Structures are given as C-alpha cells and as structure tokens.
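Residues per chain, in single letters:
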Amino acid sequence: MNLDFTAIVPSMPYILQGIKVTLQIVLVAGMLGFFLGILLSLFKISRLKPLGWFADLYTSIFRGTPLILQLMLIYYGSPQIIGYQIEPYTAAVLSFALNSGAYISEIIRAGILAVDKGQQEAAMALGVPYPRMMRDIIMPQALKNILPALMNEFITLTKESAIVSMIAVSDVMRRAYIVGGDKYRFFEPLIFAGLIYYCLVMALTLIGKAIERRMRQSD
Amino acid sequence: MIKVKDLHKSFGKLEVLKGISASIREGEVVAVIGPSGSGKSTFLRCLNLLEQPCAGEININGTDITDKKTNISKVRENVGMVFQHFHLFPHMTVLQNILYAPQKVKRLTKEEAEEKAYALLVKVGLSDKADDYPGRLSGGQKQRVAIARALAMEPAVMLFDEPTSALDPEMVKEVLEVMKSLAHSGMTMIIVTHEMGFAREAADRVMFLDGGILMEDASPNEFFAHPKSKRAREFLEKML
Ligand SMILES: Nc1ncnc2c1ncn2[C@@H]1O[C@H](COP(=O)(O)OP(=O)(O)OP(=O)(O)O)[C@@H](O)[C@H]1O
Ligand SMILES: [Mg+2]
C-alpha cells in the first residue's frame, strides 16, 4: 500500500471550495425542480386530459433515460438547437431541474391523492374556488406528508450532482479529479471528496429530520 | 325558498334518485330519513352541487342552480354543509378554520371576520378553543366547529349529513343541542339523520326516502304515528 494523505493537504482548500459549486447547483436545480414538480403534478390531477398526458409523457421520458445523457444533450446539443454554447453551470442546473421535476411531480401527485377527499369537499362546500383550495387547503397538507420523500430526492440530487464534472463544472468531484491528476495519486483526493459528499448528505438528513420533528409538533 | 322538481341522479348505470320533488319553506327544519343506500346523501349533495344532477330542477331563493350559467361557487356560499366526518382543515387552528372562507371567499376584512368568528364560537360553546388545532378536539367539539365554520358564511340554508353518526354516544347531545338552538333561531335546515328522537322533536317535517323515491313527506307526528307506506313501517320498526 502506498497511501499518503499529507500529500493532498495543500489541495484540500481547493477541493473544499467545490462545495459551494455543488450546493449552488443542487439548491437552484432543486428549487426549480420543485416548482416544475408542482406544476406537473397539477397537470396530472387536472380534469383536462391533454395536460395529464403531457405531464405523464414528460415524466416517463426523464425517468426513462440516463441523467448523464440528458446533461450531455443539453450541454453539447445547445449549439445545434439554440445556436450558441451555454455555460456548463447553466446546463448542469437546467438538466438537474428538468430531471428532478419529473421525480418530484410523482411524489407531489401521490401526496395530493393521499389527502382525504373530504378536505376538497369541505372547501368546495364553502365556495372556495379551485386554485385557492389547492394552494391553501390541499397543497399544505400534501407537502407535509411527502416531506421525507422530498428530502430523499434532494439527497439523491446532491450525490448525483457529481456527474456535472463530466462537462467541466468545477464541483467537488471535478476538483478532486484534477488534484489527483496533478499529484499522480487519485485515491486520497477521491476519498476526501467522498468524505465531503457523505458529510453533505448527513447534514441534509439531519436538517430533514429536524424539520419533520417541528412539523409533527404542530399537530 | 327551495324548490326541487323531478330530480334525477345516476352513477353510471345505478339510478340513485328517481325523480324527487319537494319544496322547503324558509325557516323550515326538515329531517331526511331512510334506509342505507336510499339516496339521502346524494339528495343532499345535489343541493350544493357536490353532485351534478342528471335531470330536474333545483331552485334556491329564485336561482335555478342546475342552470349551466349559474356560478357554482356563489351557490355554495349560500348553502352551508356539515359532514359526518367533520372535515376540518387540520393545518389551521379552530379560529382559522372559521375565518378562512369569509375572508378569502367573501372578502370580509380580518376584523369583521374575527368578530363574527368569536361570536359563533360563543354560540357553539367553544370560545376557549379558538387557538387549538382540530387534532386536539373531541369529535363533538370538532363537529361544533364545523357547524360554526359553515355558519360563518351566513348561508341561507344549512345541510347536515348524519352530523352525529361518527360521534361517541356521550357527544351526540352537545351537537344536537347546537342544532336545536340553530333551528330555533329560524335557520332553514335539511338534516339527514338516524336520530329518530331528534327528528321527532326538532323537525317540522320528515322526508322518508327509499330506493331513490320520496315515499313520504309529512309532519313528524303524522309520520311517526301513522306511516303510510309499508316500507316506512318496516324501517321504523327496525329503528325504534
Ligand atoms: N360517487 C358515487 N359513485 C358511485 N356510486 C355512488 C356514489 N355515491 C353514492 N353512490 C351509490 O348511490 C347509492 C346511494 O348512496 P347515498 O350515499 O346517497 O345513500 P345514503 O342514503 O346516504 O346511505 P347511508 O345511510 O348509508 O349514508 C348507494 O348505492 C351508493 O353506493
Ligand atoms: Mg349517506
């Protein structure tokens, strides 16, 4: 065995700076994906069938193809489709948002369907119009139930975000790889990157648990 | 005030209401009784369009609510409904439950709506529960909040679908008391119930539904003492 972690100590700050990049992608893509997910889930439960078909087709495409393919299509395909090369960061956020939107829409749809049908009837009986009812009565209850599933999706996103290193976004993964190439030793920086991802995931898990606990207290 | 003419409702092939006609005067308290599956709930739910009638006319205060052009939300503002299982909004406090529709649907100011809400809470005997969440209330308390929530919209008529059927026996009385005082205050009420004692005591009229047909429509004294149809006699024998 030939391991020397002291050799990468000077490069650690460089790798650590990747956390900012990783989190930025995950947060922005997660937010966009969340709103897209709400929209798609509303399509799915809509009485207008074409909206439902569109949302179902969208979901099946984004769930049925590899994320890395979606990422590369958007990044390398952009000059052919929109005429110019988009930034790697933009491509990363875009593909992750579009992809997680598909998964999140399924989670939210299930959450909405799990809300007691009587809630909708009570709101309707009071004359509450559909959009208001969705926003004030149904969604808050649905989101509360699916919080653990949403947190899981967020955690998956954090780990999967490592593939953006493929299009040269300098996230944690990419930086670890660069340091490895520099020093001719890959094991140590990659282990360090792994440690960072693990800590991020643990932190997210704890935050999720804390939010859940607070939610349950309000019952 | 409410005129129902030849109301029909089917679910697919199943014909649940087979031509119901009735008229209900302002301030009248009507008990709707009948065997399970006879269409009582469906009849009630047609009156606020939770179910869309297949044929027939329903006229409430001069508006034909089955007309495609009528605004369904406006109709529902005018028709309060209380459900067997309360259906309070669990993520809102008791006060917020009562305030929500007057503020968001009727556009009352917060002050107006709150003043009314507190008055209603006094009326149903729950002033001390304003800031509790429904999850902490007993069944009887929940149902009283649900009544207050419906009343907050100042409806012209109140519909009750078995309001005490999901309650433990010791809580039935507190809810019936609230309903009785509401009846005395002149509210028009249509109540689907299995509480024969309550129907006899508090109702001005009894409607007996069987198999989607309005078999009898009479005063409680008349109905309970001399039911005309065989079906009603059989039903009463089982109930009493
Ligand atoms: N949404 C629906 N879809 C299909 N069938 C329905 C629906 N709602 C009610 N039914 C059927 O219509 C019939 C009448 O139902 P309804 O609920 O009006 O009876 P009910 O008199 O209120 O009975 P109960 O005393 O048990 O509440 C029943 O056979 C029921 O299964
Ligand atoms: Mg019923």
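No experiment lies behind these values; they were computed from the predicted model shown.

## A short note on the overall build of chain A
Each helix and strand in chain A was counted, giving nine helices and zero strands. For chain A, the sequential pattern of α-helices and β-strands runs α-α-α-α-α-α-α-α-α. Scored against the burial criterion, the 219 residues of chain A give a buried share of 44%. For chain A, the share of sequence-separated contacts (at least 6 apart) that also reach a separation of at least 24 residues comes to 76%. By element, 68% of the accessible surface of chain A is carried by carbon and sulfur atoms, the whole surface being about 11,900 Å².

## Re unusual backbone geometry
Residue and element names in this part refer to chain B. The backbone of Asn 61 shows a phi angle near 50 degrees, a positive value even though the residue is not glycine. For Asn 61, the location among the structural elements is in the loop between β4 (55–60) and β5 (63–64). One non-glycine residue, Phe 86, lies in positive phi territory at about 65 degrees. Assignment of secondary structure puts Phe 86 in the loop between β6 (79–82) and α3 (94–104).

## Comments concerning the site of ligand 1
Residues and elements named next belong to chain B. Near ligand 1 you find 13 residues, and of these Ser 36, Gly 37, Lys 40, Ser 41 and Thr 42 are the closest. Ser 41 is positioned such that a nitrogen or oxygen atom in its side chain is 2.7 Å from an oxygen atom of ligand 1. In this structure, an oxygen atom belonging to ligand 1 sits 3.3 Å away from a side-chain N or O atom of Glu 162. Protein chains bury 59% of the 630 Å² of accessible surface belonging to ligand 1 in isolation. Within the residue set of the shell around ligand 1, elements represented by two or more residues are β2 (14–24) and α1 (40–47). Top element by residues in the shell around ligand 1 is α1. It accounts for three residues. Here the shell around ligand 1 is built from residues that sort into four nonpolar, seven polar and two charged.

## Considerations on the UniProt feature "transmembrane region" (unreviewed entry) in chain A
The positions that UniProt labels "transmembrane region" (unreviewed entry) are, in the present scheme, residues 21–43 and 190–211 of chain A. Taken end to end, residues 21–43 of chain A has its terminal C-alpha atoms 33 Å apart, with 100% of it in helix and 0% in strand.

## Focus: the pattern of salt bridges
All names here are of chain B. In this structure the tally under the stated criterion is 19 salt bridges over all chains. A salt bridge links Glu 201 to Lys 180; the shortest N-O distance between them is 3.0 Å. With Glu 201 in helix α7 (residues 196–202) and Lys 180 in helix α6 (residues 169–184), this residue pair connects regions lying 21 residues apart in the sequence. A relative accessible area of 57% means that Glu 201 is categorised as exposed. Since its relative accessible area comes to 18%, Lys 180 is described here as buried. Several salt bridges converge on common partners, so that one network encompasses Arg 25, Glu 28, Arg 205 and Asp 217.

## Quick word on the UniProt feature "domain: ABC transmembrane type-1" (unreviewed entry) in chain A
With numbering matched to this structure, UniProt assigns "domain: ABC transmembrane type-1" (unreviewed entry) to residues 19–208 of chain A. Structurally, residues 19–208 of chain A comprises 84% helix and 0% strand, and the distance from its first C-alpha atom to its last is 19 Å.

## Quick word on the interface of chain B and chain A
At the interface, 24 residues of chain B touch 18 residues of chain A. Where chain B abuts chain A, roughly 1,800 Å² becomes buried across the two surfaces, and 62% of that area is made up of carbon and sulfur atoms. The tally of links between chain B and chain A comes to one salt bridge. Between Glu 121 of chain A and Arg 45 of chain B there is a salt bridge, with its nearest N and O atoms 2.7 Å apart. Summed over the shared surface of chain B and chain A, the number is four residue pairs in polar contact (both at pLDDT 80 or more). Elements with a minimum of two residues in the side of chain B that touches chain A: α2 (72–77), β6, α3 and α5 (139–151) of chain B. A breakdown of the residues in the side of chain B that touches chain A according to their chemical character gives 14 nonpolar, four polar and six charged.

## Concerning the packing of aromatic side chains
Residues and elements named next belong to chain A. Evaluated as defined, the whole model comprises ten aromatic pairs over all chains. Among the aromatic residues, ring-to-ring pairing joins Phe 43, Phe 54, Tyr 58 and Phe 62 into one connected group. Above the face of the Tyr 14 ring, Arg 175 is positioned so that its terminal group lies 4.8 Å from the ring centre.

## Observations regarding the sheet that holds strand β8 (residues 188–192) of chain B
Residue and element names in this part refer to chain B. Pairing is mixed in the open sheet, where six strands are placed in the order β6-β7-β8-β3-β9-β10. Each of the sheet's edge strands pairs with one partner strand only, and the pair in question is β6 and β10 (213–218). With direction set aside, neighbouring strand axes in the sheet form an average angle of 20 degrees. One ladder, built from five bridges, connects strand β9 (residues 205–210) with β10; its direction is antiparallel. By the bridge assignment for β10, Met 207 is matched with Asp 217. Across the face of the sheet, α5 comes into contact with β6 and β7 (157–161) while running at roughly 170 degrees to β6.

## With respect to the pairing of β4 of chain B
Residue and element names in this part refer to chain B. Direction of pairing for strand β1 (residues 2–11) relative to β4: antiparallel, over a ladder of five bridges. Note that in β4 the partner of Val 4 across the bridge is Ile 58. As paired strands, β4 and β5 are joined by two bridges and run antiparallel to one another. Counterpart to Ile 60 in the pairing with β5 is Thr 63. In this antiparallel pair of consecutive strands, β4 and β5, the connection spans two residues, and Asn 61 shows a positive phi of 50 degrees.

What counts, and at which threshold
- Residues numbered from 1 in each chain as written.
- Chains lettered and ligands numbered in written order.
- Predicted model: local features only at pLDDT ≥ 70, side-chain atom pairs only at ≥ 80, totals over all residues.
- Heavy atoms only, no water.
- Helix = DSSP H or I, 4+ residues; strand = E, 2+ residues; numbered from the N terminus.
- Buried < 20%, exposed > 50% of the residue type's maximum accessible area, 1.4 Å probe, protein only.
- Contact = heavy atoms within 4.5 Å.
- Areas by Shrake-Rupley, 256 points an atom, 1.4 Å probe, with all protein chains shown as cover.
- Near = heavy atom within 4 Å.
- Polar contact = N/O pair within 3.5 Å; in protein donor to acceptor, adjacent residues only side chain to side chain.
- Nonpolar A, V, L, I, M, F, W, Y, C, P; charged D, E, K, R; others polar.
- UniProt positions renumbered as here; feature names shortened; annotations may be inferred.
- Salt bridge = Lys/Arg side-chain N within 4 Å of Asp/Glu carboxyl O.
- Buried area = accessible area lost by both parts, 1.4 Å probe.
- Phe/Tyr/Trp six-rings, centres within 6.5 Å; stacked < 30°, edge-to-face > 60°.
- Lys NZ or Arg CZ within 6 Å of the ring centre and 35° of its normal.
- Pairing = 2+ DSSP bridges.
- Axes fitted to C-alpha atoms, helices over the stretch in contact; angles between N-to-C directions.

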